[in-house]
Amino acid sequence: MALFSSVEHARDTMASTGYLVDEELATVVFLGDAMGKPLLLEGPAGTGKTELAKAVAAGTGSTLIRLQCYEGLDEARALYEWNYRKQLLRIQTAQGGDEHGRAWDELHDDIFSEEFLLERPLLAAIRHKGPVVLLIDETDKADVEVEGLLLELLSDFQVSIPELGTITAVQRPFVVLTSNATRDLSEALRRRCLHAQVDYPDAARERAIVRSRVPEVSEELALQVVKAVRAMRALDLRKPPSVAETIDWAQAVSALGHHELGDAVAGQTLGVVLKNDQDKAKVREQLHLAGSGP
């Protein structure tokens with residue numbers, strides 16, 4: 001069952017959760033749903049790639065299942081593993097109880113059954129019976145071997161478990177892969193996806209995002225916060241402010257009872273938007289902000 005009936009429906013559905021997209025990204029989201037293709041979203045950290053998957057799930061009432069990738073991620077953490085402790089207990093029970101003479105083949109079939117299977121995110125998404133959004137987050141942080149695991153999943157939406165056979169998706173999930181481009185993903189993986197480059201929004205859209213997420217913030221304060229954040233992003237910081245941190249900063253200034261972002265207020269609240277002392281020092285020097293701040 002399709003999640004979206006049109007590009008406009010996809011855009012409006014995400015907007016209802018406070019996630020605002022342009023026409024190009026809304027089109028990619030709609031086509032990913034209509035064609036049953038995974039989305040590969042690439043771009044700098046903090047541009048809202050993960051939030052897009054959350055917005056689709058929230059706006060459509062779908063279950064969000066997230067696989068957070070990291071170096072060393074393996075099949076047992078991504079797909080499934082067997083509950084070895086429970087299997088061992090079952091074997092010990094069979095050997096020491098009335099089933100002492102039970103044939104190994106029969107016992108083997110018993111301990112490699114559904115009762116002893118531990119689902120991980122990929123298998124859980126495949127077997128989920130309702131609408132589901134599968135978020136494979138920071139795919140570029142996983143080892144290359146993990147991509148091989150994803151290829152079968154994204155090609156046919158099925159996985160093979162030697163002891164149980166092939167498990168095919170009950171309902172094809174809406175899949176979002178994100179990448180911060182710390183390494184190049186394989187061409188085989190890219191071919192299976194629709195691609196979108198997600199960069200920081202322009203000033204007008206970022207202001208609209210702030211007003212949508214923090215409606216108590218005035219237009220003037222939203223304008224000033226966004227202008228300051230965009231100036232920070234131009235300074236080659238170790239960690240430029242994300243869109244989420246723009247929202248947090250506007251909310252923090254408003255919570256302190258300020259309706260404008262003066263230099264003193266900006267310096268006082270700099271720890272909300274920057275999380276590195278070197279970045280803070282550079283911003284204070286370059287943007288001439290006063291105070292030591294948190």
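As a starting point, this report considers the structure included with it. (Residues numbered from 1 in each chain as written. Predicted model: local features only at pLDDT ≥ 70, side-chain atom pairs only at ≥ 80, totals over all residues. Heavy atoms only, no water.)

**Section: the sheet that holds strand 8 (residues 174-179)**
So, step 1. Pairing is parallel in the open sheet, where five strands are placed in the order 2-5-8-1-9. In this open sheet, the two edge strands, each paired with only one partner strand, are strand 2 (63-68) and strand 9 (194-197). Across the sheet, the axes of successive neighbouring strands diverge by a mean angle of 20 degrees, strand direction being ignored.
So, step 2. Of the strand pairs in this sheet, strand 1 (residues 39-42) and strand 8 are connected by four bridges, and their pairing is parallel. Bridge pairing links Leu 40 to Leu 177 in strand 8.
So, step 3. Contacts from helix 2 (residues 23-35) reach strand 1, strand 8 and strand 9 within the one sheet, and its direction differs from that of strand 9 by about 160 degrees. (Pairing = 2+ DSSP bridges. Helix = DSSP H or I, 4+ residues; strand = E, 2+ residues; numbered from the N terminus. Axes fitted to C-alpha atoms, helices over the stretch in contact; angles between N-to-C directions. Contact = heavy atoms within 4.5 Å.)

**Comments concerning the nonpolar core**
So, step 1. The biggest cluster of nonpolar side chains holds 38 residues, and the ones touching the most others in it are Leu 122, Ile 136, Leu 150 and Leu 177.
So, step 2. Once residues lying within four places of it in the same chain are set aside, the contact partners of Leu 122 are Leu 67, Ala 78, Leu 79, Leu 134, Ile 136, Leu 149, Leu 150 and Leu 153. (Core = buried A, V, L, I, M, F, W, Y, C linked by side-chain atoms within 4.5 Å. Buried < 20%, exposed > 50% of the residue type's maximum accessible area, 1.4 Å probe, protein only.)

**A few points about helix 1 (residues 7-15)**
So, step 1. Those residues of helix 1 lying buried are Val 7, Ala 10, Thr 13 and Met 14. Looking down the long axis of helix 1, one finds its buried residues gathered within 130 degrees of arc, a one-sided arrangement.
So, step 2. Elements that come into contact with the buried residues of helix 1 comprise helix 2 and helix 3 (49-60). (Arc of directions from axis to C-beta.)

**With respect to the packing of helix 1 against helix 2**
So, step 1. Relative to each other, helix 1 and helix 2 sit at 105 degrees, their axes nearing to 8 Å. As the angle between them shows, helix 1 and helix 2 are arranged roughly perpendicular. Residues Val 7, Glu 8, Ala 10, Arg 11 and Met 14 of helix 1 pack against Glu 23, Ala 26, Thr 27, Val 29 and Phe 30 of helix 2.
So, step 2. Grouping the constituent residues of the contact of helix 1 with helix 2 by class yields six nonpolar, one polar and three charged. (Parallel < 35°, antiparallel > 145°, perpendicular 65-115°, else oblique. Nonpolar A, V, L, I, M, F, W, Y, C, P; charged D, E, K, R; others polar.)

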